[in-house]
Amino acid sequence: MTTEPTTGAASGWDQATYRCGRCGAESTVTTEEAYLKAVGVHTDAHAVWDRLNPTERDGLVSILRTILSAPALGFEVLALADRQQHAGDGTQPLPPPAGLGKNTPQPDSSPSNATARATE
């Protein structure tokens, strides 16, 4: 018996489709690892969405559409946040949200890429 997980065709995987019972989203993947990641990330997205009120949801969606359409803009916003934080603009970083899974991207805490979010 081996303790190493098998992947791909060796484990019998061809493809699998995850269907969310809450929103109907579907994701088809070809490995068990990708399936587990898809389920985890989608579950985390529901956890974030559920914590927001309608106004916050609209704002978040608007910000994400802008940032994700221009990745360089995202890096510049993070760099600006770093400069503002180091300049002592009086903002305090928010603690990470509680209850999110391990698949939720977390800010890089290295000095070259420290992130902070201003309190509202």
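Keep in mind that what you see is a predicted model, and the values were worked out from it rather than measured. (Residues numbered from 1 in each chain as written. Predicted model: local features only at pLDDT ≥ 70, side-chain atom pairs only at ≥ 80, totals over all residues. Heavy atoms only, no water.)

### Concerning the overall build of the chain
- Looking only at helices and strands, one finds 3 helices and 2 strands in the chain.
- In the chain, the order of α-helices and β-strands from amino to carboxyl end is β-β-α-α-α.
- A total of 120 residues make up the chain; the buried ones form 13% of that total.
- Of the contacts formed within the chain by residues at least 6 apart in sequence, a portion of 40% connects residues at least 24 apart. (Helix = DSSP H or I, 4+ residues; strand = E, 2+ residues; numbered from the N terminus. Buried < 20%, exposed > 50% of the residue type's maximum accessible area, 1.4 Å probe, protein only. Contact = heavy atoms within 4.5 Å.)

### Things to note about the environment of Cys-23
- With respect to the helices and strands, the residue Cys-23 is situated in the loop between strand S1 (16-19) and strand S2 (26-29).
- With a relative accessible area of 47%, Cys-23 lands in the partly exposed category.
- Between the alpha carbons of Cys-23 and His-46 there is a distance of 9.2 Å; along the sequence they are 23 residues apart.

### Side note on the confidence of the model for the chain
- Summary statistics for the chain give a mean pLDDT of 76 and a share of 63% for residues scoring 70 or more.
- Between residues 104-120, whose pLDDT stays under 50, and residues either more than four places distant or in other chains, the model counts 26 contacts. (pLDDT = per-residue confidence, 0-100.)

### Details of the packing of aromatic side chains
- Here the structure, examined in full by the defined rule, presents 1 aromatic pair.
- Ring centres 6.3 Å apart and planes at 80 degrees place the aromatic pair Tyr-18 and Tyr-35 in the edge-to-face group. Taken together, the positions of Tyr-18 in strand S1 and Tyr-35 in helix H1 (residues 32-51) put the pair 17 residues apart, joining distant regions of the chain. (Phe/Tyr/Trp six-rings, centres within 6.5 Å; stacked < 30°, edge-to-face > 60°.)

### Quick word on the pattern of salt bridges
- For the coordinates displayed, the defined rule picks out 2 salt bridges.
- Notably, a salt bridge pairs Glu-26 with Arg-19, separated by 3.3 Å at the nearest N-O pair. Of the two residues, Glu-26 and Arg-19, both sit in the exposed class. (Salt bridge = Lys/Arg side-chain N within 4 Å of Asp/Glu carboxyl O.)

### Concerning helix H3 (residues 71-86)
- Compared with an ideal rise of 1.5 Å per residue, which puts 16 residues at 22 Å, H3 spans 23 Å between its outermost C-alpha atoms and is within 8% of the ideal.
- Remark: Gly-88 follows H3 within two positions and exhibits a positive phi of approximately 75 degrees. (Expected span 1.5 Å × (residues − 1).)

### Observations regarding the packing of H1 against helix H2 (residues 54-69)
- Between H1 and H2, the least distance of the axes is 8 Å, while the angle of their chain directions is 130 degrees. In terms of axis orientation, H1 runs oblique to H2. Here Val-48, Trp-49, Asp-50 and Arg-51 of H1 come into contact with H2, specifically with Glu-56, Arg-57, Leu-60 and Val-61.
- Tallied by class, residues from the contact of H1 with H2 come to 4 nonpolar, no polar and 4 charged. (Axes fitted to C-alpha atoms, helices over the stretch in contact; angles between N-to-C directions. Parallel < 35°, antiparallel > 145°, perpendicular 65-115°, else oblique. Nonpolar A, V, L, I, M, F, W, Y, C, P; charged D, E, K, R; others polar.)

### Digging into H2
- With 16 residues, H2 should cover 22 Å at 1.5 Å per step; its first-to-last C-alpha distance of 23 Å lies within 8% of that length.
- With a side-chain oxygen lying 2.9 Å from the backbone nitrogen of Thr-55, the N-terminal cap of H2 falls on Asn-53. (Polar contact = N/O pair within 3.5 Å; in protein donor to acceptor, adjacent residues only side chain to side chain.)

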